Amino acid sequence: MSTTVPNAQCAAQSVGDFSSMVNMLLQTLLTAQCAISPPELWPPDYAESALKHGLEEYDFVVIGAGSAGSVVASRLSENPNWKVLVLEAGGDPPQESEVPAMMYSAQHTNATWNYFTEYSDKSCWAYNERRCYWPRGKMIGGTGGINVMIYVRGNRKDYDRWAHDGNRGWGWDDVLPYFERSVRPVGNQTHPRGYVTINTFPVNDLDVEQMIYAGAAELDIPRVLSIGDGSAMGYTNLPGTIANGRRMSTGKTYLSSVSKRPNLDVLKNAHVTKMNFDESGKNVRSVSFVLQDKYEMKVHVGKELVLSAGTIESPKLLMLSGVGPAQHLTNLHIPVIHDLPVGENLQDHVNIITFIKLNELRAKPWTTQQSFDATYNYLIHQRGPLASQGTGSLAGYVNTLKNGPYPDVSFHHFIFRRGDFGGLQSFLNGLTFTEHFKSQLNKVLETADILGMMNVLSYPKSKGTIRLRSADYRAPPLLTPNYFSEPEDIATLIRAMRYQAQLLNTTAYKEMTATLLRPSIDECDAHKFQSDEYWRCYIKYFSTTTYHLTGTVKMTPETDETGCVDPRLLLDGCGNVRVADASIMPLIPSANTNAATIMIAEKAADFIKEDWQHDEDDDFSSEEVEGGGEGGAWYFGS
């Protein structure tokens, strides 16, 4: 006979006080959940007013409220004489976006553009349909709402390469002040205040982190305080855009904090479909978009259009508007306005995921009670495992050739504790692993911890392309990364595997019984385990993105025909279109790209202010702008 007591009967067994206490607890938890991403945390939606009264002309229209667009809109609206409109294809971030440990949970939802690469015979074979999943954020904050929140600038070499290729004003010494401006504490009245909020991540897996640091030390790879110009190699816990257990995207820190400014409007769920040029093709006079998937609307551009839709959406919109490779546009019956190599130069930090088994039969199983405790701790205190991404902030930067001060590979780590199938499933489902590989990894997690290791190529030589699938704005583009089209990339990653083997032979790793998992792959098992031939095969299967897509609207000097924008980020042949996002990077930096994207946006805002400073009414002080002082609410220390 069942001993389960129905909820109503259970409550009836209380004389009242305890039921009241339980109800109060439940209400407290629900209230805390609702407070994770409430509407008032984000900019108000201007849609109701736009539908009722229409849209007047704006001085500046910014397409995209992501990592770059939020910065540009915030900075331009510092001038009270300029009216600024932001068009964002998504809405407010879901609760999962705000919780650091749930960064994979927002993928495959309406909060993301759910893109897949085209089939390749060289990469992505461990995933469904042998295609890599490339999500992009579709929300306030953009991809900064689904990324790992790591904030790292890169090193001198990264940006001096840009300047060496003719992009004046983009060397390390030129961009460093913009990195620093973005994180400047509130209270400095001499320079514009910074809005980027940076803090260290909580450490919840100290035993694993100690193993990684100790193992690297045995190989003479030091632990360093930070990665940058003065220390480009070593292992460190990278800081992140996080505060009090919450994600701090630029959509929150730059845009939301100033959204009460009367000269700044934000339209959500506004999918831009076309940039409309004048007869000369030199200037964009209006932007067409679909609001809430049903209202076709248009807004006029007074001064400039700023395109900050990202590495995939920016080139897509340009091509839909007649700016791109002439033959490709002609084939799709799109009138050509400017013949530019838009969609070329696609770069990404391709990485190879390996899995290391730890503490077999010694690891304590993760329990349901621990999950409940973690949820409660986060909701009430914003602490515990959900307030970080495990070992995700611990990264190593290594030169496998030992021929210079800069890394050619980096390593990122994700720990899955024995029995925590939910955490592992979120990771595997996010990357769309096939059932064949998911079942093998789940089997291992029954008896051991699993350390996922991302072996990342710092300076990829291979470059891909983005093309339109059709002239329909709703159709996903053709994404061809061309991973490993250059043999040097595979050679570097094989050296990374050799370094990994050295780590596994250190005393620190052996003490935790670390062993490399060997997934069952008939094609690869035909080769000697860990031979070069084995790794070439393995790389074909377990290669994937690090989500660092860049370069598709390349910045070059005006005399360079391989580029699309000049060093002031103006679209070639156009007078009032500026591109400000990761798509303009001529060469990908050796680090996570979010910090660099914010820097680019800060620099773009300065270019715009300089180019329009001749307006006689545009003399202003940012300190006088209504709402300008609210940015300080988001600064928690760097």
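As shown above, the structure is provided for reference.
Quick look at the structure, then. All residue numbers refer to positions counted from 1 along the written sequence of the respective chain. Local features in a predicted model are, by the rule used here, given only for residues with pLDDT of at least 70; side-chain atom pairs are given and counted only at 80 or more, and totals for whole chains, interfaces and linings are based on all residues. Each side-chain value is derived from all of the structure's non-hydrogen atoms; neither hydrogens nor water enter the calculation.

**Describing the pairing of strand β9 (residues 270-277)**
Here's step 1: Burial classes: relative accessible area under 20% of the type maximum marks a residue as buried, over 50% as exposed, and values in between as partly exposed (1.4 Å probe, protein chains only). Secondary structure elements are taken from DSSP: a helix is a run of H or I of four residues or more, a strand is a run of E of two residues or more, and numbering for both begins at the N terminus. Most of β9 is tucked away, with seven of its eight residues classed as buried.
Here's step 2: At least two bridges found by DSSP between two strands is the condition for calling them paired. Direction of pairing for β9 relative to strand β10 (residues 284-291): antiparallel, over a ladder of seven bridges. Note that in β10 the partner of H271 across the bridge is V290.

**Structural notes on a nonpolar patch on the surface**
Here's step 1: Each patch is built from residues that are more than 30% exposed by relative accessible area and take part in no salt bridge. Like charges join if they lie within 9 Å; nonpolar side chains (Val, Leu, Ile, Met, Phe, Trp, Tyr) join within 5 Å. Using a 1.4 Å probe, the Shrake-Rupley method yields the accessible areas, and only the shown protein chains count as cover for residues. For this document, the term salt bridge refers to a Lys or Arg side-chain nitrogen within 4 Å of an Asp or Glu carboxyl oxygen. A cluster of nonpolar residues, F18, M21, V22 and L26, forms a patch on the protein surface that exposes about 400 Å² of accessible area.
Here's step 2: In this structure F18 comes out as exposed when scored by relative accessible area, which is 56%.

**Focus on the layout of surface pockets**
Here's step 1: In this structure, the largest pocket occupies an estimated 790 Å³ of space.
Here's step 2: Around the largest pocket sit 30 residues that line it, and A101, W366, P385, D420 and G423 are the ones nearest its centre.
Here's step 3: Of all the elements in the fold, those that place two or more residues in the lining of the largest pocket are α12 (368-381), β16 (409-416) and α13 (421-431).
Here's step 4: Buriedness of a pocket was judged along seven lines, with at least five required to meet protein on both sides within 12 Å; pockets are open sets of points on a 1 Å grid over the protein atoms alone, cavities are sets where a 1.4 Å probe fits but cannot get out, and lining residues have an atom within 4 Å of a point. Grid points are joined across faces, edges and corners, and a volume is the space filled by probe spheres set on the points. Quantified by volume, the second largest pocket comes out at close to 380 Å³.
Here's step 5: Lining the second largest pocket are 19 residues, and of these Y151, R153, S226, I227 and P239 lie nearest its centre.
Here's step 6: As a working rule, the residues Ala, Val, Leu, Ile, Met, Phe, Trp, Tyr, Cys and Pro are called nonpolar, Asp, Glu, Lys and Arg charged, and the rest polar, with Gly in that last group. Taken together, the residues that form the lining of the second largest pocket break down as nine nonpolar, eight polar and two charged.

**Here we look at the packing of aromatic side chains**
Here's step 1: Any two rings among Phe, Tyr and Trp, with Trp reduced to its six-membered ring, count as a pair given centres within 6.5 Å; such a pair is stacked if its planes are under 30 degrees apart, edge-to-face if over 60, and tilted if neither. Under the counting rule described, the total for this entry stands at 31 aromatic pairs.
Here's step 2: Note on F414 and F427: the rings are 6.1 Å apart at their centroids and 35 degrees apart in plane angle, and the pair reads as tilted. Pair noted here: F414 is in strand β16 and F427 is in helix α13, with a separation of 13 residues, a long-range link.
Here's step 3: By relative accessible area, F414 is classed as buried at 8%.
Here's step 4: For the ring pair Y534 and W535, a centre distance of 5.4 Å and an interplane angle of 75 degrees mean the geometry is edge-to-face. In terms of burial, Y534 and W535 fall into one category: buried.
Here's step 5: Every member of this aromatic cluster is reached through a ring pair, and the members are Y119, W125, Y127, F355, F433, F437, F529, Y534, W535, Y538, Y541 and F542.
Here's step 6: A positively charged side chain is recorded as over a ring if its NZ (Lys) or CZ (Arg) lies within 6 Å of the ring centre. The angle to the ring normal must also be within 35 degrees. Directly above the ring of Y459 sits K157, whose terminal nitrogen or CZ lies 4.4 Å from the centroid.
Here's step 7: In this structure, R223 is placed above the aromatic ring of Y213, and the distance from its NZ or CZ to the ring centre is 3.7 Å.

**A look at the nonpolar core**
The tendency in soluble globular proteins is for nonpolar side chains to be buried side by side.
Here's step 1: Take the buried Ala, Val, Leu, Ile, Met, Phe, Trp, Tyr and Cys residues and link them wherever side-chain atoms come within 4.5 Å; each set so joined is a nonpolar core. Among the nonpolar cores identified, the biggest contains 175 residues, and Y235 and F433 are the most heavily contacted of them.
Here's step 2: The leading source of residues in this core is helix α19 (residues 594-611), at nine residues.
Here's step 3: Core analysis: the next-biggest nonpolar cluster, separate from the first, contains six residues, I36, V99, L379 and A387 among them.

**Some points on the packing of helix α15 (residues 487-504) against helix α18 (residues 532-542)**
Here's step 1: Running from amino to carboxyl end, α15 crosses α18 at an angle of 110 degrees, the nearest separation of the two axes being 10 Å. One way to sum up the angle between α15 and α18 is to call them roughly perpendicular. For the crossing formed where α15 meets α18, the hand is right-handed. Between α15 and α18, the contacting residues are I490, L493, I494, M497, R498 and Q500 on the first element and D532, W535, R536 and I539 on the second.
Here's step 2: Of the residues assigned to the contact of α15 with α18, the class counts are six nonpolar, one polar and three charged. Geometry is summarised by axes, namely lines fitted to C-alpha atoms with helices restricted to the contacting stretch, and by angles between N-to-C directions that run from 0 to 180 degrees. An angle below 35 degrees is read as roughly parallel, one above 145 as roughly antiparallel, one from 65 to 115 as roughly perpendicular, and any other as oblique. The hand of a helix crossing depends on one turn: near helix anticlockwise from the far one by less than a right angle means left-handed, and clockwise means right-handed. The criterion used for residue contact is that any of the two residues' heavy atoms lie within 4.5 Å.

**What to know about the packing of α13 against helix α14 (residues 435-445)**
Here's step 1: The contact between α13 and α14 brings their axes to 11 Å, and the two run at 155 degrees. In terms of orientation, α13 lies roughly antiparallel with respect to α14. Two packed elements cross with a definite hand, and for α13 against α14 that hand is right-handed. Every residue of α14 that contacts α13 at F421, L424, Q425, L428 and N429 is listed here: K438, L441, N442 and L445.
Here's step 2: Considered class by class, the residues forming the contact of α13 with α14 number five nonpolar, three polar and one charged.

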